[in-house]
Amino acid sequence: MANKLVTNVMIFDGTGKKPYLGEVLVQGNRIKTVAKGKDQIARDGAEVVDGGGATLLPGFINIHAHTTYLDTTTLASVGDVPPEEATLQAMHNARLVHDCGFTAVISAAASKPRLDVVIRNEINAGRIPGPRMKACTTQFVTTSGPWDARQMHMHHESFSTVMDGPVEVRRKTREMIREGVDMVKIALSGDNFSAQHSDEHSVTWAEDEIAACVEVAHSRNVKVCAHARSDESIRLCIKHGIEFIHHATYASEKTLDLLEKHKDRFWVAPALGAIYATLHEASDWGMDKEFALARHFDREIEVGCQTMMKMFKRGIKVLPYGDYGVAWNPHGTDHRDLEHFINLIGFTPEQTLMMATKWGGEAWASWGGGVEMGQVKAGFLADMVMVEGDPLADITLFQDRDNFLMIMKDGQYHKAPQARRAAGRKRVAAE
Ligand SMILES: [Zn+2]
């Protein structure tokens, strides 16, 4: 296979530094050379891609993905979709998020026990298009925890898996390791969305249950992520070494002190999009302002944004994306999160894009194996996107899939290089 040389591009390398004009040589599935300026790298028979001044970035990495959630009109109804339909729809979702420039996703719960595993395996085998994927279990919940959708008179498990006591937790965790997951998800705190019996300030797991899950997972190089909004639940993540802390809304100063001490071991994804959409855009799905306010979603956004800025200032890794995959916050609109990070929290576009690329790559690398991704850097995996325009001036441009002029994963095109739309128009006018 010929080397590929992408030239005449503004390179945002993932570190947050200002983009520069340069070129990148790809050999096999790795970035071989990155150079500043034009005509710096010998062509030597390489396939040359002239970017025409477009922007080249590392592929996007989502550390709180729900690729197998199916854009259903309620969260619980994803459980009603039969496995056959769910599998096909999940396959389409994988392609869709790849079309949006994501080259890697770390799942934070599947909608069926084996669904992430199956989709990941098909992508890895090259039979369906999609980003690199870490596969997760369903939401592991305890009786009366969030998404325990059962009723006394009816057996109905929805999209979560209910378990109680360390013995059962250990068995369920081992079972899913047998099935091939990379990640176990536990719903550690409550959530106002679906259950009145476990609100956002509660903790729904006992410590011996948490310990049992983490011990089994970590003994097999499987990571654990937690739904953790309450202060105590975040502290329990730190204590038990749960690497991926999702939401982390109500972390107190004491908890932030503790997290800061161990900041290299944890990643935080607030997943603001779903809460924002529920608060402002969900009335068509029966969730009006009153519904959202009764569940304190205004406070979630307000406190959550403050907490994320505090964390960032302490050097704790906060990353965008998460919880796309419901009708009012559907797959394919994930890049709205970049806008939320800038407009709601107050991060700069450079910081936000660094979080979405470099930090995502570091999270992925925590599984070991010497995988390096998330930067346009020699030796790193050739996962890159080329986009029309200057994303630092307009972060919304990622929301239009047509602005992606090239999507490359593992040195292969998912979207082959396209001419710049602006440049193309100019050419037509000149003729
Ligand atoms: Zn989630």
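Counting of residues starts from 1 at the beginning of each chain's written sequence and follows it residue by residue. In keeping with the predicted nature of the model, local features appear solely for residues at pLDDT of at least 70, side-chain atom pairs appear and are counted solely at 80 or more, and the whole-chain, interface and lining totals rest on all residues. Remark: hydrogens and water are excluded; side-chain values derive from all non-hydrogen atoms of the structure.

Novice: I tried to follow the overall build of the protein chain on my own but got confused; where do I start?
Specialist: Each helix and strand in the protein chain was counted, giving 12 helices and 18 strands. When the backbone C-alpha atoms are referred to their principal axes, the protein chain occupies close to 70 × 45 × 45 Å. Surface exposure of the protein chain reaches about 16800 Å², of which carbon and sulfur atoms provide 49%. The sign given to each residue is positive for Lys and Arg and negative for Asp and Glu; His and the chain ends receive no count. Charge coordinates come from a single atom per side chain, which is NZ of Lys, CZ of Arg, CG of Asp or CD of Glu. Distance between charge centroids for the protein chain: 6 Å, based on 49 positive and 56 negative side chains. Secondary structure elements follow DSSP: runs of H or I of four or more residues count as helices, runs of E of two or more count as strands, with numbering from the N terminus. The accessible surface values rely on the Shrake-Rupley method and a 1.4 Å probe; as for residues, cover is taken only from the protein chains in view.

Novice: Sorry, what's going on with the sheet that holds strand β11 (residues 183–187) here?
Specialist: Each strand in a sheet pairs with its neighbour through backbone hydrogen bonds, running either in the same direction (parallel) or in the opposite one (antiparallel). Strand order in this open sheet of 7 strands is β10-β9-β11-β12-β13-β14-β15, and the pairing throughout is parallel. Edge positions in the sheet fall to β10 (160–162) and β15 (317–318), since each of these pairs with one other strand and no more. Here strand β12 (residues 223–228) runs beside strand β13 (residues 244–247); their pairing, made up of 4 bridges, is parallel. Opposite C225, over in β13, you have F244 as the bridge partner. In the packing of helix α3 (residues 165–179) onto the sheet, the strands contacted are β9 (136–141), β10 and β11, and the crossing angle to β9 comes to about 165°. Pairing between strands is defined by DSSP: at least two bridges between them are needed. Note on definitions: a residue-residue contact is assigned when non-hydrogen atoms from the two residues lie within 4.5 Å. Only the contacting stretch of a helix is used when fitting its axis, a line to C-alpha atoms as for every element, and angles between N-to-C directions run 0 to 180 degrees.

Novice: Please clarify how the packing of aromatic side chains should be interpreted in this entry.
Specialist: Think of a pair of aromatic rings as described by two things: how far the centres are apart, and how the planes are tilted against each other in angle. Aromatic pairs are defined between Phe, Tyr and Trp rings, using the six-membered ring for Trp, whenever the two ring centres lie within 6.5 Å; interplanar angles under 30 degrees are classed as stacked, those over 60 as edge-to-face, and all others as tilted. Within this structure, the stated rule accounts for 11 aromatic pairs. With centroids separated by 4.9 Å and ring planes inclined at 75°, the aromatic side chains of F60 and F398 adopt a geometry described as edge-to-face. Residue F60 is located in strand β6 (residues 60–65), and its partner F398 is located in the loop between β16 (384–387) and β17 (404–409); the two are separated by 338 residues in the primary sequence. Looking at F60, the relative accessible area reads 0%, which means it is buried. Three or more aromatic residues joined by ring pairs form one cluster here, namely F60, F102, Y321, F398 and F404. We call a charge positioned above a ring when the Lys NZ or Arg CZ atom is no farther than 6 Å from the ring centre and deviates by at most 35 degrees from the ring normal. Positioned over the ring face of F291 is R295, at 3.7 Å from the centre of the ring. Buried, partly exposed and exposed residues are distinguished by accessible area as a fraction of the type maximum, computed with a 1.4 Å probe on protein chains only: under 20%, between the cut-offs, and over 50%, respectively.

Novice: Would you explain the coordination of the zinc ion in this entry?
Specialist: Under perfect tetrahedral coordination by four donors, a metal shows angles of 109.5 degrees; under perfect octahedral coordination by six donors, it shows angles of 90 or 180 degrees. For Na, K and Ca the donor cutoff is 3.2 Å, while for all other metals N, O and S atoms must lie within 2.8 Å; water is not among the atoms, so some sites may look incomplete. Donor atoms from the polypeptide that coordinate the zinc ion comprise H64 (NE2), H66 (NE2) and D323 (OD), at 2.0 to 2.3 Å from the metal. The sequence pattern describing where the donors of the zinc ion fall on their chain is H-x1-H-x256-D. There is no split in this pair, since H64 and H66 are both buried.

Novice: Explain the side chain of S202 here, please?
Specialist: Of note, S202 is situated in the loop between β11 and α4 (207–218). A relative accessible area of 19% places S202 in the buried class. Of the polar contacts made by the side chain of S202, one reaches the backbone nitrogen of G190; its length is 3.4 Å. Sequence-distant contacts of S202, defined by excluding residues within four places in its chain, comprise L188, S189, G190 and S230. Within 3.5 Å is the distance limit for a polar contact, defined as a pair of N or O atoms, with the added protein rule that one can donate a hydrogen and the other accept it, and that residues adjacent in sequence qualify only through two side-chain atoms.

Novice: Looking at this model, I keep getting lost on the environment of K415. Mind explaining?
Specialist: Looking at where K415 falls in the secondary structure, it is placed in strand β18 (residues 412–415). Sequence spacing of K415 and V385 is 30 residues, and the spatial spacing of their C-alpha atoms is 9.1 Å. Setting aside residues up to four positions removed in sequence, K415 forms contacts with R401, D402, F404, M406 and I407. Within polar-contact distance, the side chain of K415 engages the backbone oxygen of R401 at 3.5 Å.

Novice: Even after reading the chapter, I still don't get unusual backbone geometry, so can you show me in this structure?
Specialist: In most cases, non-glycine residues show a negative phi, while peptide bonds are predominantly trans. If you check the backbone angles, D39 has positive phi at about 55° while not being a glycine. The residue D39 is located in the loop between β3 (30–36) and β4 (47–50) in this model. Residue class for D39 comes out exposed when judged on its relative accessible area of 62%. Unusually for a residue other than glycine, D323 sits at a positive phi of about 65°. As for its position among the elements, D323 is in the loop between β15 and α10 (336–345).

Novice: Mind showing me how you'd approach the environment of G79 here?
Specialist: Structurally, the position occupied by G79 is in the loop between β6 and α1 (83–99). Note: C-alpha distance between G79 and K112 (33 residues apart in sequence) is 7.6 Å. Among residues more than four places away in sequence, those in contact with G79 are K112, S158 and F159.

Novice: What am I meant to see in empty space enclosed by the protein here?
Specialist: Any space left empty among the atoms is revealed by the rolling of a water-sized probe across them. In this analysis, the protein atoms alone were mapped onto a 1 Å grid. Cavities are point sets where a 1.4 Å probe fits without being able to get out; pockets are open sets with protein on both sides within 12 Å along at least five of seven lines; lining residues have an atom within 4 Å of a point. Grid points are joined across faces, edges and corners, and a volume is the space filled by probe spheres set on the points. This model, assessed by the stated rule, comprises 3 cavities of 30 Å³ or more. Computed from the structure, the largest cavity encloses a volume of approximately 260 Å³. Ten residues, namely Ala, Val, Leu, Ile, Met, Phe, Trp, Tyr, Cys and Pro, are considered nonpolar, four, namely Asp, Glu, Lys and Arg, are considered charged, and the remaining ones, Gly among them, are considered polar. Class assignment for the residues of the lining of the largest cavity results in 10 nonpolar, 6 polar and 4 charged.

Novice: Looking at this structure, I do not really get the state of the cysteines. What am I missing?
Specialist: Disulfides are defined as pairs of cysteine sulfur atoms found within 2.5 Å of each other. Taken as a whole, this structure holds 0 disulfides when the rule is applied. There is no disulfide at C213, and the cysteine sulfur nearest it, in C225, is 9.4 Å away. C136 supplies the cysteine sulfur nearest to C225, a cysteine that is in no disulfide, at a spacing of 4.4 Å. Given the relative accessible area of 0%, C225 is considered buried.

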